[in-house]
Each structure stands twice: as C-alpha cells, then as structure tokens.
Amino acid sequence: MLDFRLDEEQQMLADTVHRFAEEKMRKEFREAEELGKIPDDVVKAGWEIGLLPTGLPEEYGGFGEYSAVTNAIAMEEFSWGDFATTLRILGPNLVAMPVYLSGTDEQKAHYLPMFCDEAMPKVTAALTEKAIQFDPRNLKSTAVLDGDSYLLNGAKTLVPLAKDAELILVYANENGETQAFLVPAGSEGLEIGAKGKWMGINALPTYEVKLNDVRVSAANKLGGDAGIDFTQILNHSRIALGAAAVGLMRAGFEYARDYAKQRVQFGQPVAQYQSIAFMLAEMAIDVDEARLLVWEAAWMMDQGQDATAETTRMKFYLDDISVKVADQALQTLGGYGYIREYPVELWLRNARGLTHFDGIAMI
Amino acid sequence: MINFEIPKKIQAEAQMADMVAKQIMRPISRKYDEGEHERPVEFTNAMWPFLKQQEKARWAKIESGEVKPERDGPNWTILRLILMIEILSWGDAGIYLCTPNAGLGGAAVEAVGTPEQKERYMKRFSTGEPKWGAMAITEPNAGSDNSSMRTTAVLDEETNEWVINGEKVFITNGKLSLEESDGFCVVWATIDPDAGRAGIKSFVVEGGTPGVSIAKQEHKLGIRASDTVALHFKDVRVPFDSVLGSPDVQKTSKGFKGAMKTFDASRPAVAASAVGIARAALEFTQETLAEEGIVIDYTKPKHQLTAVERDLMEMEARYRGSWLLTLRATSQLAFGESNRLEASMCKARAGEAVTWITQKSVELLGPLGYSRETLAEKWMRDAKINDIYEGTKQINLLIVARSILGYSRRELK
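Residues numbered from 1 in each chain as written. Chains lettered and ligands numbered in written order. Predicted model: local features only at pLDDT ≥ 70, side-chain atom pairs only at ≥ 80, totals over all residues. Heavy atoms only, no water.

Observations concerning the overall build of chain A
- Assigned secondary structure in chain A consists of 11 helices and nine strands.
- On C-alpha atoms alone, chain A measures out to a radius of gyration of 20 Å, which is about the 21 Å that the 2.2 N^0.38 rule sets for 363 residues.
- Projected onto its principal axes, the C-alpha positions of chain A cover 75 × 45 × 35 Å.
- Burial analysis of chain A (363 residues in total) assigns 64% to the buried set. (Helix = DSSP H or I, 4+ residues; strand = E, 2+ residues; numbered from the N terminus. Rg over C-alpha atoms; globule rule 2.2 N^0.38 Å. Buried < 20%, exposed > 50% of the residue type's maximum accessible area, 1.4 Å probe, protein only.)

Re the overall build of chain B
- In terms of regular secondary structure, chain B is built from 13 helices and eight strands.
- The C-alpha atoms of chain B give a radius of gyration of 22 Å, which matches the 22 Å a tight globule of 413 residues would have.
- Scored against the burial criterion, the 413 residues of chain B give a buried share of 54%.
- Counted over contacts in chain B with a minimum sequence separation of 6, partners at least 24 positions apart contribute 75%.
- If you sum the accessible surface of chain B, you get close to 17,900 Å²; carbon and sulfur atoms cover 53% of it.
- The positive charge centre, built from 54 side chains, and the negative charge centre, built from 57, are 4 Å apart in chain B. (Contact = heavy atoms within 4.5 Å. Areas by Shrake-Rupley, 256 points an atom, 1.4 Å probe, with all protein chains shown as cover. Lys, Arg positive; Asp, Glu negative; His and termini not counted. Charge placed at Lys NZ, Arg CZ, Asp CG, Glu CD.)

Re the domain arrangement of chain A
Residue and element names in this part refer to chain A.
- By domain assignment, chain A separates into domain 1 (8-116), domain 2 (123-226) and domain 3 (230-356).
- Every contact between the two is made by 22 residues of domain 1 and, on the other side, 22 residues of domain 2.
- Here domain 1 packs against domain 2, burying approximately 1,600 Å² in sum over the two surfaces, 71% of which is carbon and sulfur.
- Here domain 1 is connected to domain 2 by zero salt bridges.
- Counting across the interface, domain 1 meets domain 2 through five residue pairs in polar contact (both at pLDDT 80 or more).
- Here the element with the most residues in the side of domain 1 that touches domain 2 is helix 6 (residues 93-102); it accounts for five residues.
- Tallied by class, the residues present in the side of domain 1 that touches domain 2 amount to 13 nonpolar, six polar and three charged. (Domains from an automatic or database assignment. Buried area = accessible area lost by both parts, 1.4 Å probe. Salt bridge = Lys/Arg side-chain N within 4 Å of Asp/Glu carboxyl O. Polar contact = N/O pair within 3.5 Å; in protein donor to acceptor, adjacent residues only side chain to side chain. Nonpolar A, V, L, I, M, F, W, Y, C, P; charged D, E, K, R; others polar.)

Section: the pairing of strand 3 (residues 149-160) of chain A
Residues and elements named next belong to chain A.
- Counting buried positions along strand 3 yields nine of 12 residues, so the element is predominantly enclosed.
- Where strand 2 (residues 142-146) folds back onto strand 3 in an antiparallel hairpin, the turn is made up of two residues, including Gly147, whose phi is positive at roughly 70 degrees.
- Where strand 3 lies against strand 7 (residues 206-217), nine bridges are found, and the strand directions are antiparallel. Opposite Ala155, over in strand 7, you have Lys210 as the bridge partner. (Pairing = 2+ DSSP bridges.)

A look at the interface of chain B and chain A
- Counting residues at the interface gives 48 residues for chain B, matched by 46 residues for chain A.
- Looking at the side of chain B facing chain A, the largest losses of area belong to Ile2, Phe4 and Arg349 of chain B, adding up to 16% of the total buried there.
- Counting every contact that joins chain B to chain A gives eight salt bridges.
- The interface formed by chain B and chain A contains 22 residue pairs in polar contact (both at pLDDT 80 or more).
- Within the residue set of the side of chain B that touches chain A, elements represented by two or more residues are helix 9 (307-334), helix 10 (340-364) and helix 13 (393-405) of chain B.
- Here the side of chain B that touches chain A takes 13 residues from helix 9 of chain B, the largest share from any one element.

Encoded structure:
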C-alpha cells in the first residue's frame with residue numbers, strides 16, 4: 001500500500017550510516033583523494049556497520065534478507081559522505097551479491113560466510129573494459145571451456161583494489177553471454193597492471209587486469225552450468241549506483257544551499273536572489289525525483305518483478321541529472337566552487353565518474 | 001514502509017474512469033477542441049448520474065448521523081481522486097475539466113464552510129440536473145499576487161447583504177456554474193482594502209444572481225473544451241451568511257492561509273492532470289514508433305541507442321518521475337501529513353515535464369505529430385496550462401525555494 005516513509009529499521013540504518021558519513025567520511029575524503037588512500041580505520045569502521053551481513057541469510061552467518069530498497073537507502077547515505085570511500089567500504093559486495101544472487105548452493109556455502117566475518121574480505125570484481133563502446137552484455141574478454149576448466153582471456157580496467165585482492169570475480173563472454181568466474185589471486189596468466197589515474201574517485205585505487213590464458217576450474221563458474229542471471233545482477237548494480245548518485249546530488253545540493261545562505265553579496269545572502277534560489281529549488285526537486293525513481297525500481301526488484309526497463313531508464317536519466325546537479329552546486333559557489341579547498345569540485349568529478357560505472361559496483 | 005503499490009481496491013475503482021476515458025472521451029476529444037465552448041454532453045451526461053449517486057450516498061451518511069469514525073489508517077479518498085484525474089486527463093484534459101461537480105468552489109466550501117453552508121451549497125450535487133461549482137480568485141491585475149485583488153465586498157447594514165463589485169478572470173466552469181446550471185461560484189473579495197490579506201474573504205454567489213455577467217469567454221491555446229470566462233460583478237447582492245469563514249477582519253492572515261490550504265490538494269491534482277496528458281502523449285509516441293520498428297531495447301548500452309530512442313527513454317523517465325512526485329504528495333495528504341513543499345514540487349516538475357514531453361512527442365512524430373488528424377499537437381497545447389494554473393512553475397519554485405531555505409516571503413521575493 002502506497003507509502004514513501006522509511007520503516008523503523010531503515011531509519012535506524014540511515015541514521016547510523018549518516019552519522020558515520022558525517023563524522024568519518026567527510027573528515028577524510030579530501031585528503032584521501034589527494035593521497036590516493038583511505039585511512040584504514042575509516043574503512044574498518046565502515047565495514048563494521050555491517051551493511052552486507054544484514055542482507056545475507058542466517059545460514060551464511062548474516063542476519064537478514066536482501067532488500068534493494070534498504071540497500072539503496074544506506075547507499076545514498078554512504079555516498080553522501082564520499083563516493084570513493086563508499087566503493088572502498090562496500091567493495092566486498094562486488095563479489096558477495098553476485099554469489100548471493102546467482103551462485104550455486106555450494107558456491108554460496110563456500111564463499112558467503114567470509115562476508116559476515118569481522119575482517120573485511122579482500123575481493124573484487126572485473127567487468128569494465130577499455131572500450132569507448134563498452135557493452136557489459138557483449139564483452140571482449142572471453143571464456144572458453146577446455147575440458148573441465150575454463151580459459152579466460154582479455155583485458156579489464158577500473159578494477160578496484162585488484163592489487164591486494166585474494167579473489168577476483170571476472171566477467172567474460174562465453175558464447176555471446178556474459179558469465180562470471182571466480183579467479184584466485186596468483187593464478188597463472190593473471191596480471192595486475194598499472195594503477196589507474198582518473199579524473200576523480202582517486203581515493204579508491206583501481207587497476208588494469210590482464211588475463212592471458214588464465215585457467216580456472218569449471219566449478220569456479222558462478223552459477224555452475226546454468227551460469228548467472230546477468231540482467232538481474234546489472235539491475236541491482238544500477239539501483240545501487242543510482243542511489244549513490246542520489247547521495248552525491250544531495251551532498252552538492254545541501255552544501256550549495258547552506259553556502260548560498262551565508263555568502264553575502266550586494267548586501268544580502270546570494271540565496272535571496274531568485275537566480276540562485278530557483279536553481280536550488282530545481283536541484284531539490286531533482287534529488288527527490290531521482291530518489292523516487294531509484295526506490296521504485298528497487299521496490300520492484302524486491303517484489304520479484306522484472307525491473308530491467310525501470311532500472312535502465314533510471315540509470316541513464318540519473319547519469320544526466322547527477323552531473324547537472326553537481327555542476328549547479330559548483331556554480332552556486334562561484335569561484336570557490338572551483339577551488340579544491342571546497343568539496344564541490346570533487347563531487348562534480350565523482351558524479352562524472354559515476355556515469356562510467358555500470359555494473360561494476362554491485363553494492 | 002516504502003511501497004509503490006496503489007491499493008487493489010482503488011485500482012479496481014479506477015477501471016471505471018479508464019472506461020470513460022477510452023470509450024467516451026477519446027472519440028470526442030478532437031470534436032470539442034475544434035468546437036470550443038461547446039458543452040461536451042456525451043461526457044457530462046455520462047458522469048453526472050454516477051457523481052450524483054456518490055453525493056447522494058455521502059449525504060445519506062451525513063444525515064443518518066453516521067459520523068466518520070476516527071480512522072487508524074490513511075484516508076485514501078484523495079488518492080482515488082488523483083488517480084481519477086490522471087486517467088480522465090489521459091482521456092482529454094479539457095473535457096475532464098467539465099466534470100459536473102462542485103470543483104474548486106466546493107473544495108472551498110468544504111474547507112471553511114459551516115455545516116449549514118455545506119448543506120445549502122453542496123447538497124444540490126446529489127440531485128436533479130448536472131451542476132457545476134467554480135472559484136473566482138484571479139483578476140486582470142492580480143494573478144499570482146492574488147492578495148492585491150481589488151474586488152470589494154461591502155456590507156449593507158440595512159439589508160444585511162454583501163455588495164460585491166469587481167472583475168474576475170480565468171474562471172474555469174464560470175459559465176457552466178452561473179448560467180448553465182443551478183451551481184455557484186466562490187468569489188474572493190476584500191472587505192477592507194487597507195487590511196491586505198487579512199481583509200480578503202470568500203463569498204458564495206449563486207447562479208442567476210442579478211449583477212453577475214459573463215464579460216467574455218476566453219479563446220485559449222488548449223483545453224478548449226473547458227469553459228473559461230471573465231466575470232463582471234456590478235452591485236451584486238448576496239446574503240450575509242454567504243461569506244465563508246469568519247466575517248471579521250483579523251490581525252493575522254489566518255483566514256487567507258486557510259483558503260490557501262486548498263492548494264495542498266489542488267496542486268497534486270493539477271500535477272496528476274499533467275501526468276495524464278504526458279502518459280497519453282508518451283503511449284501514442286511509443287505505439288506509433290513501434291509501428292515503424294522503433295522499440296527501445298533496454299539491454300543496450302546508452303551509446304548504442306539512437307537519438308530517438310534516447311529521447312523516448314527520457315520521456316519515460318520524466319513522466320514516471322513526475323508521477324512519483326505526485327503520488328508522494330498525495331500519500332502525505334492521505335496520511336494526514338503536511339505536504340506544502342511536496343505539493344509545489346510535484347506541480348512545478350509535472351507542469352514542466354508534460355510541456356517538454358508533449359513537445360518531444362510532436363517533434364518525434366514529424367508531420368504526424370504536427371497534424372490535427374492525430375491528437376499529439378492537441379496534447380502539446382493542452383499540456384501547457386499545467387505549467388501555469390494553480391500557481392505558475394515560477395511561483396511553485398518560489399514556494400519550494402522558501403521552504404528549503406527557511407525563508408519568509410519577505411526574505412525571498
């Protein structure tokens with residue numbers, strides 16, 4: 001029955017994550033971006049909030065049931081704190097959620113319990129390829145069955161934390177379909193390349209990964225013979241990324257709003273000029289509209305409905321408006337928006353980066 | 001608990017509106033666009049018996065003393081209405097406005113009228129021939145700034161009557177309520193021009209009252225089936241107790257604010273009408289393009305979509321976004337929460353979105369979109385009114401801006 005209010009547990013989660021975002025993420029994110037490293041204690045504290053275990057069933061050590069809506073609520077708050085730190089803290093989801101959604105019973109029993117541990121598992125996923133026309137459903141990387149194992153070949157980019165990862169979920173093209181393979185670190189032919197240098201999101205180290213005849217057992221193919229439901233994985237991922245975009249937009253909007261109220265020009269706060277006030281009003285509506293589109297798609301997924309159309313159009317629409325809102329936030333600050341002492345220019349860079357993440361951040 | 005499902009019972013009830021929209025409104029849509037100012041009798045005659053019956057049942061409840069028990073859950077009446085408006089506007093937004101009911105005038109009576117006034121003015125909608133109610137606020141020189149209105153009401157203490165003089169414009173259903181039925185029009189006027197907002201009161205003027213005349217029927221860009229008139233009031237005498245709310249000039253503008261409260265429901269209602277038109281244009285565009293083999297493949301990455309497919313997808317997203325904002329403002333009302341900010345948000349966004357969506361539709365459909373043989377161009381014309389009435393987009397943005405910034409009217413003009 002129609003309702004747009006968080007329930008008590010969701011509100012508690014949102015409050016918890018928001019407090020963390022405000023007290024920890026917002027304190028470190030600028031330095032982390034400049035140094036290319038997020039302080040360990042922040043990562044640890046973020047992991048200890050335990051978002052992932054709350055979405056995993058008890059039999060694997062979790063204490064709940066996955067809800068895309070609840071996840072989106074938490075994701076927005078994390079991302080409001082900082083997008084790069086969010087990806088760092090929730091990195092394990094890149095493996096946990098595809099295993100949870102598409103894994104065989106054996107794979108779930110084998111891999112999921114580590115995500116409920118106190119220590120953050122060192123895992124990542126490799127999906128994106130360096131192609132202008134990147135299409136997650138038509139990958140250039142290949143997987144070929146050879147006896148009772150697979151041979152993986154190709155090149156990946158934007159693989160977070162690949163250098164320290166003990167396990168990489170590699171997406172590859174098997175007979176025209178996107179499938180996923182659990183590749184242990186140190187596998188022969190697996191080459192972790194250079195650290196990526198990006199316009200933003202530099203606090204999160206990402207790497208190129210090359211696969212030269214990497215051989216993995218057929219048992220490491222996610223979902224066994226049946227493989228994965230890649231569309232479902234992508235839909236969940238897009239919802240998470242959409243929620244992250246909402247968090248980013250909201251961060252920009254709120255900062256611009258507060259700034260405009262205290263910045264005095266020509267004898268009054270600039271927020272009292274309609275040109276600024278109207279822009280802020282449009283931004284506020286954009287944030288709310290974006291959130292509702294994310295929530296609706298998430299709710300449909302939770303109901304077991306196919307939300308491919310909803311998630312796709314939501315993601316594409318948010319790609320546009322999140323960059324627009326970040327830009328308007330910067331514009332509101334005028335010259336200070338362009339200065340790295342202020343956070344807003346980084347949010348514009350991150351918003352732009354977020355549009356290039358598609359499917360990778362299965363949070 | 002977040003939930004996007006419209007209650008099943010309300011969905012089922014909406015099917016009737018859906019039938020009316022498809023079978024009665026669409027076939028006559030073009031006819032009453034071209035025949036501006038004609039009453040769409042096929043629609044009004046079909047709706048009246050049903051609406052009359054509803055009113056009859058409502059009055060039966062009131063009179064049997066069956067007081068509404070305090071509800072535990074949400075009151076979905078408003079959602080039912082919003083859904084109906086969306087569907088009927090999908091059928092035809094101009095014709096929908098001719099729905100024979102008490103309209104905005106009725107909303108004002110219900111909001112601030114005494115039980116006796118409610119009976120006197122509202123009970124007529126449960127019996128006899130079709131009737132309409134209207135509301136007259138706007139004046140030639142007082143649009144969004146309606147507190148500067150000049151229409152006056154002066155108490156004639158000898159006869160205990162109010163004497164109203166002035167001019168009102170853009171009155172929806174003004175002719176239907178005052179000349180073509182035994183309806184009424186709620187007229188806003190000041191009883192103390194020096195008191196500003198505090199002096200502004202609303203008065204119920206019955207159809208056929210001497211001194212009321214229709215100065216002109218407006219010729220409009222769209223919603224041509226809808227009756228829009230300018231009214232002239234010359235020494236119009238109405239009984240003392242036709243004033244709604246207190247006749248005293250209070251120090252505060254509380255009365256004015258009370259009347260403004262009707263916007264909390266009427267803005268989502270306009271947003272819903274906008275969304276209905278947007279859906280009509282979107283569906284027609286999708287269907288027509290599908291005949292040409294253009295169907296969005298949602299599994300394609302963005303860069304592999306054609307420009308037309310991208311436009312279509314954005315139309316879908318913006319239509320949906322506006323509808324969700326509208327539903328949110330509606331559900332707040334149902335839950336008894338304040339929705340001032342959200343009502344203006346949905347109104348501003350939906351008015352803008354439907355304007356853009358319908359223009360895109362005409363553009364994407366090429367000559368077919370521009371042709372009067374289809375309805376696309378009509379929807380584009382109809383759409384624009386939603387960006388204007390019940391507060392222009394700019395006024396609603398101003399309200400949103402004040403709310404998010406915590407500014408008063410004085411601080412943000």
